[in-house]
Every structure is written in C-alpha cells, then in structure tokens.
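The lines below spell out each chain.
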Amino acid sequence: MGNTKSSALSKELLEELKSNTKYSESELCTWYQSFLKECPSGKISKQQFEGIYASFFPNADPTDYARHVFRSFDTNADGTLDFKEYIVALHLTSGGKTLQKLEWAFALYDVDGNGTISKNEILEIVRSIFNMIPNDDQKNLPEDENTPEKRAEKVWEFFGKKENDKVSEGEFIQGVMDNNDILRLIQYDEPQQIKDKLKEKKQ
C-alpha cells in the first residue's frame, strides 16, 4: 500500500484524517514528520507504544492497559500502529465526539473481539486500569469500588445483567450515555496527561 517511508502524507489519507478528526492539515503534516523521525519504518510497535505509556506513569504499571489500548487501535491486527491508527488513537483518547469515544471504549472492553462484552472482560480492563493507580490513591477510593472486582460488579449491576449475560455494543453505548457513573467507572481519568505528553513528543 504505497511507501510508508514517504516524507509526505498522501492526499487521500490527509483528507480522510481531516474529516474524521479535529486536526488541521498543518498539524497532521507536522505530526507525520515527527512520527517518521521517531518511527522511521512508519510503524509503532506494541513495545514502543507500551514504552510511551510507561513514561507517563512512573509510579504505576500501565503495561496491561497499554496492551489493551494498542489492541483496540491496531485495526488490521498486524502488531503495529501506522500513522492513521496512531492519529485516530490520539484523537479518540483526547477529544473525539462522544459516540466515537464510546465505540472505541466498547472495542477496548471487547477483549476477544466477538462483538459483545462479558463480565470477565470488564474485570480484565478494570484490573489493568487499577494497575495504573498509585497505591496511595487506591486507598482513597470509595469503599464500594476500591478493588477491580467491586468496580466491575458495580458496572455489571448498572447494565442490569446476570453473571453470564453479555452486553452488546448498542446496550453499552446507550448505558454509558444514560449514566455518567458508568463512564467514570470504565475509564482511566487522565487522558489529558497522555495527550499533553504526546504533544510534547511532537514539538
């Protein structure tokens, strides 16, 4: 599919990214140059991506969460993120529209990619989020959500599901839109920190 090492973005990709994200042509071109400088192959590996996350959370362990985020954006499942996947990731974890963000959140929680979410999948992602919260901060969490198990249970109750039920994408999106508490429980609270760090890396 063309030469990924080309120093100029293709017109088609530029137009697609402009229409699907909030970024301007000049921003996209500048980021593309920086992207190629850091990743001459035109791809970010899972290890590089995990390294970026690790630098944001020196007092915690974001490895599992970074792995799940990487999976949700590696749309062609080739084990790398190309520039398009990288920009979409940046857009959705910072300022995407609500519906787009929720579609991404569903993909994040749908660990096995089968189109539904189980209680175990919720627990797996919530556990990876807990790994990023420093121990001191975990002590200050409310009693009914101070462990991954309690938080996953609370989310599952919001959806009104039995133990072995599944949540579809439509149910997930509707449930989160109807209840701010679910959104708070399923997301990590510092995407701004990640966005700022990524911007620094682009300077």
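These numbers were taken from a predicted model, which means no experiment stands behind them.

S.K.: Provide a residue-level description of the side chain of Asp 110, including the pertinent values.
M.R.: Its place among the elements puts Asp 110 in the loop between α6 (98–109) and β3 (116–117). For Asp 110, which is buried and forms no salt bridge, the nearest opposite charge comes from Arg 71, at a distance of 6.7 Å. Filtering out sequence-adjacent residues up to four positions away, Asp 110 remains in contact with Arg 71, Gly 115, Thr 116, Ile 117 and Glu 121.

S.K.: Summarise the pattern of salt bridges; cite the residues concerned and give the values.
M.R.: Evaluated as defined, the whole model comprises 14 salt bridges. For the salt bridge of Arg 127 with Glu 149, the shortest nitrogen-to-oxygen distance reads 3.0 Å. Residue Arg 127 is found in helix α7 (residues 119–130), and its partner Glu 149 is found in helix α9 (residues 148–158); the two are separated by 22 residues along the sequence. When its relative accessible area of 37% is taken as the criterion, Arg 127 is described as partly exposed. By relative accessible area, Glu 149 is classed as partly exposed at 43%. One salt bridge connects Lys 154 with Asp 144, and the closest N-O pair in it is separated by 2.9 Å. Linking Lys 154 in helix α9 with Asp 144 in the loop between α8 (135–138) and α9, this pair joins segments that are 10 residues apart in sequence. On the basis of relative accessible area, Asp 144 is assigned to the partly exposed category, the value being 43%. In the salt-bridge network here, residues are joined through shared partners; they are Asp 144, Glu 145, Arg 151 and Lys 154.

S.K.: Go over helix α1 (residues 11–20) with me, naming the residues and quoting the values.
M.R.: If you check which residues of α1 are buried, you get Leu 13, Leu 14 and Leu 17. An end-on view of α1 places all buried positions within 100° of arc, on one side of the element. Opposite the packed face of α1, turned more than 90 degrees from it, sit the exposed residues Lys 11, Glu 12 and Ser 19.

S.K.: Just give me the short version of the packing of aromatic side chains, but keep the residues and values in it.
M.R.: Evaluated as defined, the whole model comprises 9 aromatic pairs. With a centroid separation of 5.3 Å and an interplanar angle of 10°, the aromatic rings of Phe 73 and Trp 104 are classed as stacked. Placement of the pair is Phe 73 in helix α4 (residues 63–73) and Trp 104 in helix α6, with a sequence separation of 31 residues. When the centroid spacing of 6.3 Å and the interplanar angle of 40° are considered together, the rings of Tyr 109 and Phe 172 count as tilted. In this pair, Tyr 109 is assigned in helix α6 and Phe 172 in helix α10 (residues 169–178), connecting sequence segments 63 residues apart. With relative accessibility at 0%, the residue Tyr 109 sits in the buried group. Here a set of aromatic residues connected by ring pairs shows up, and it is made of Tyr 32, Phe 35, Phe 83 and Tyr 86.

S.K.: Lay out α6 in plain terms, naming residues and giving numbers.
M.R.: The terminal C-alpha atoms of α6 lie 16 Å apart, and with 12 residues this matches the ideal 16 Å at 1.5 Å per residue to within 8%. For α6, the full list of buried residues reads Leu 102, Trp 104, Ala 105, Phe 106, Leu 108 and Tyr 109.

S.K.: Tell me about unusual backbone geometry, and name the residues and values.
M.R.: Backbone phi values are negative for most residues with the exception of glycine, while trans is the configuration of most peptide bonds. With a phi angle near 55°, Ala 77 is a residue other than glycine that sits in the positive phi range. Mapped onto the secondary structure, Ala 77 falls in the loop between α4 and β2 (80–82). For Ala 77, a relative accessible area of 64% puts it in the exposed group.

S.K.: Could you give an account of the environment of Ala 89, naming the residues involved and the relevant values?
M.R.: Turning to its location among the elements, Ala 89 is positioned in helix α5 (residues 83–94). The class of Ala 89 is buried, set by a relative accessible area of 6%.

S.K.: Any details on the confidence of the model for the protein? Residues and values, ideally.
M.R.: Averaged over all residues, the pLDDT of the protein is 83; the fraction at 70 or higher stands at 87%. Across the protein, element-level confidence peaks in β3 with a mean pLDDT of 97 and bottoms out in helix α12 (residues 191–202) with 50. Per-residue pLDDT stays below 50 along residues 1–5; that stretch engages in 7 contacts with residues further than four places along the chain or on separate chains.

Conventions we followed
- Along each chain, numbering runs from 1 in the same order as the chain's sequence is written.
- It should be noted that, the model being predicted, local features are given only for residues of pLDDT at least 70 and side-chain atom pairs only at 80 or more, the latter also being counted only at that level, while totals for whole chains, interfaces and linings use all residues.
- Water and hydrogen atoms were dropped before computing side-chain values, which therefore reflect all heavy atoms in the structure.
- Think of it this way: any DSSP run of H or I at least four residues long counts as a helix, any run of E at least two long counts as a strand, and we number them from the N terminus.
- Note on classification: 1.4 Å probe, protein chains only; a residue is buried when its accessible area is under 20% of the maximum for its type, exposed when over 50%, partly exposed between these limits.
- Residues scored as positive are Lys and Arg, those scored as negative are Asp and Glu, and His as well as the terminal groups of each chain are ignored.
- Any Lys or Arg side-chain nitrogen found within 4 Å of a carboxyl oxygen on Asp or Glu counts as a salt bridge.
- Contacts: residue pairs with any heavy atoms within 4.5 Å of one another.
- For this quantity, the arc is that covered by the directions from the helix axis to the C-beta atoms.
- Stacked, tilted and edge-to-face are the three classes assigned to paired rings of Phe, Tyr and Trp, where Trp is represented by its six-membered ring and a pair needs centres within 6.5 Å; plane angles under 30 degrees give stacked, over 60 edge-to-face, the rest tilted.
- Here the expected span of a helix is defined as 1.5 Å times the quantity of residues minus one.
- pLDDT runs from 0 to 100 and stands for how confident the predictor is about each residue.

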